[in-house]
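# A structural walkthrough
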Amino acid sequence: VYNNMEKAYSVMTSQIANTMKKAYFDMLKEEMKEGNYLPIAEVMTEISKRLLIIVPEKRREKFAEKVNVEVIVDLICDKKWTTELREYLKFICESVFMLGAPCDDEENKKWLEEVNSNMENDYETNLPLILIQIEEKLDRIYELINQFNDNLNFQFSSFKETLKCHVNIMWKCATPNE
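Keep in mind the model is a prediction, meaning the values are calculated, not measured.

## Focus on the packing of aromatic side chains
Taken as a whole, this structure holds three aromatic pairs when the rule is applied. Seen from their ring centres, Trp81 and Tyr123 are 5.2 Å apart, and the 90 degrees between their planes marks the pair as edge-to-face. One end of the pair, Trp81, is in the loop between helix 4 (69-76) and helix 5 (83-99); the other, Tyr123, is in helix 7 (residues 123-174), with 42 residues separating them in the sequence. In this pair, the class of Trp81 matches that of Tyr123, namely buried. Connected via pairs of aromatic rings, a cluster forms that spans Tyr37, Trp81 and Tyr123.

Following this line, the structure appears as structure tokens:
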């Protein structure tokens, strides 16, 4: 019973997440059709901020120059696919690929090909789609980082407990019996 409930909860959570992503995608598309590119700029800025957190420190300053808000605004002002926008998105997507886990490489290679193909047409549909996909890839990277940190913390706490045990044993052995 518990397993069935857990599975149903997982399916329901996934369906809710997919519905929310679809609604978000539809909203971005609609805003673009109405000429409001502010939500797109906000998503691109959010992506940049999330990337800056995980980019290695020695590359962060250079990276920040390429993804600042002024650059983003300039890129979407033309309201169509431009060489500059394509190059920017390729840079972002390739950065996501490089920061991703090796276990996701095959899937991410296919995704990069799909992104390149999507940048050829249907600007008002494909730009929001690509941005949402980038967000999903970043979610995956952050999820893996959190799992790694949790695992590391568990191992460290286990090590601390083991060390404490050894210290107590050594202390007892070193203390003469009374």
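## A look at unusual backbone geometry
One non-glycine residue, Lys79, lies in the positive phi region at around 55 degrees. With respect to the secondary-structure elements, Lys79 resides in the loop between helix 4 and helix 5. If you check the backbone angles, Asp122 has positive phi at about 45 degrees while not being a glycine. Within the secondary structure layout, Asp122 lies in the loop between helix 6 (105-118) and helix 7.

Conventions adopted
- Residues numbered from 1 in each chain as written.
- Predicted model: local features only at pLDDT ≥ 70, side-chain atom pairs only at ≥ 80, totals over all residues.
- Heavy atoms only, no water.
- Phe/Tyr/Trp six-rings, centres within 6.5 Å; stacked < 30°, edge-to-face > 60°.
- Helix = DSSP H or I, 4+ residues; strand = E, 2+ residues; numbered from the N terminus.
- Buried < 20%, exposed > 50% of the residue type's maximum accessible area, 1.4 Å probe, protein only.

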